[in-house]
Amino acid sequence: MWGSLALPEIGCFLAQPHVHYAQLGTDVTIPCGSVDQGTSVTWTANSTDLDASHLSGSHLVLRNVDLSHSGQYSCYEGPSWHLKDRVNLKVGSEYHGVRS
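The name given to the protein chain in an unreviewed UniProt entry is Ig-like domain-containing protein, with Pseudonaja textilis as the source organism.

What follows is the structure, given as structure tokens:
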């Protein structure tokens, strides 16, 4: 029983977060992994819950990003808080594209 419940979550939790680069002053939209757009999700930034005003469906939307937006963002599905994705957002003055 433990193995079938714990392995997917442990495997996802230990995985390296995706790195997403963003240019200062731009808007950033981050999808919650492979979760459907209408699925109920919770996003955290550096382990602090983000309010729903930053959501568009299951996507996280950050407007006019600055250096304070840099950090680790995690997406959890539904009330059971299953970790679905982690993204390390790096905001800077030059855009480097997205690397997964």
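Turning our attention to the overall build of the protein chain. For the protein chain, the count of helices and strands is 1 helix and 9 strands. Order of helices (α) and strands (β) in the protein chain, N terminus to C terminus: α-β-β-β-β-β-β-β-β-β. By residue count, 34% of the 100 residues in the protein chain fall in the buried class. A separation of at least 24 residues holds for 64% of the contacts in the protein chain among residues at least 6 apart in sequence.

Tracing the chain through its elements places H59 in strand β6 (residues 59-62). Classification of H59 by relative accessible area gives partly exposed; the value is 24%. Once you skip the residues sitting within four places of it in the chain, H59 turns out to touch T29, I30, P31, C32, Q37, W43 and H54. For H59, the side chain forms a polar contact with the side chain of Q37, separated by 3.2 Å.

Attention now goes to the packing of aromatic side chains. In total, this model carries 1 aromatic pair according to the counting rule given. With centroids separated by 4.9 Å and ring planes inclined at 45°, the aromatic side chains of Y76 and W81 adopt a geometry described as tilted. Since its relative accessible area comes to 16%, Y76 is described here as buried. Taking the relative accessible area as the measure of exposure, W81 reaches 35% and is therefore partly exposed.

Below, the discussion takes up the sheet that holds strand β5 (residues 55-56). If you trace the 3 strands from one edge of the open sheet to the other, you get β2-β6-β5, paired in antiparallel fashion. Strand pairing shows two members of the sheet lacking a second neighbour, β2 (28-30) and β5, which therefore form its edges.

Inspection of every chain in the model, using the stated rule, returns 1 disulfide. The residue that forms a disulfide with C32 is C75, at a sulfur-sulfur distance of 1.7 Å. On the S-S bond that ties C32 to C75, the torsion sits near -100°, and the link is left-handed. Separated by 43 residues along the polypeptide, C32 in the loop between β2 and β3 (41-45) and C75 in strand β7 (residues 71-77) bring together distant segments of the chain.

All right, on to unusual backbone geometry then. Not every positive phi belongs to a glycine, and S47 is a case in point at roughly 70°. As for its placement among the helices and strands, S47 is situated in the loop between β3 and β4 (48-49). Unlike most non-glycine residues, N64 shows phi in positive territory, near 50°. Residue placement: N64 occurs in the loop between β6 and β7.

Cut-offs used in this document
- Each residue is numbered by its place in its chain's sequence as written, counting from 1.
- Per-residue local features of the predicted model are confined to residues with pLDDT of at least 70, and side-chain atom pairs are confined, for both listing and counting, to 80 or more; whole-chain, interface and lining totals are unaffected and use all residues.
- Excluding hydrogens and water, the side-chain values take into account all heavy atoms of the structure.
- Runs of H or I in DSSP of at least four residues are treated as helices and runs of E of at least two as strands, each being numbered from the N terminus.
- Here's how the labels work: a residue is buried when its accessible area is under 20% of the maximum for its type, exposed when over 50%, partly exposed in between, all with a 1.4 Å probe on protein chains only.
- Two residues qualify as a contact provided that any one of their heavy atoms is within 4.5 Å of a heavy atom in the partner residue.
- What qualifies as a polar contact is a pair of N or O atoms within 3.5 Å, subject to a donor-acceptor requirement within protein and to the restriction that residues adjacent in sequence count only when both atoms come from side chains.
- A pair of Phe, Tyr and Trp rings is counted when the ring centres sit within 6.5 Å of each other, with Trp represented by its six-membered ring. The angle between the planes then sorts it: under 30 degrees is stacked, over 60 is edge-to-face, the rest tilted.
- Two strands form a pair only when DSSP identifies at least two bridges running between them.
- In this description, a disulfide is simply a cysteine sulfur pair whose atoms lie within 2.5 Å.

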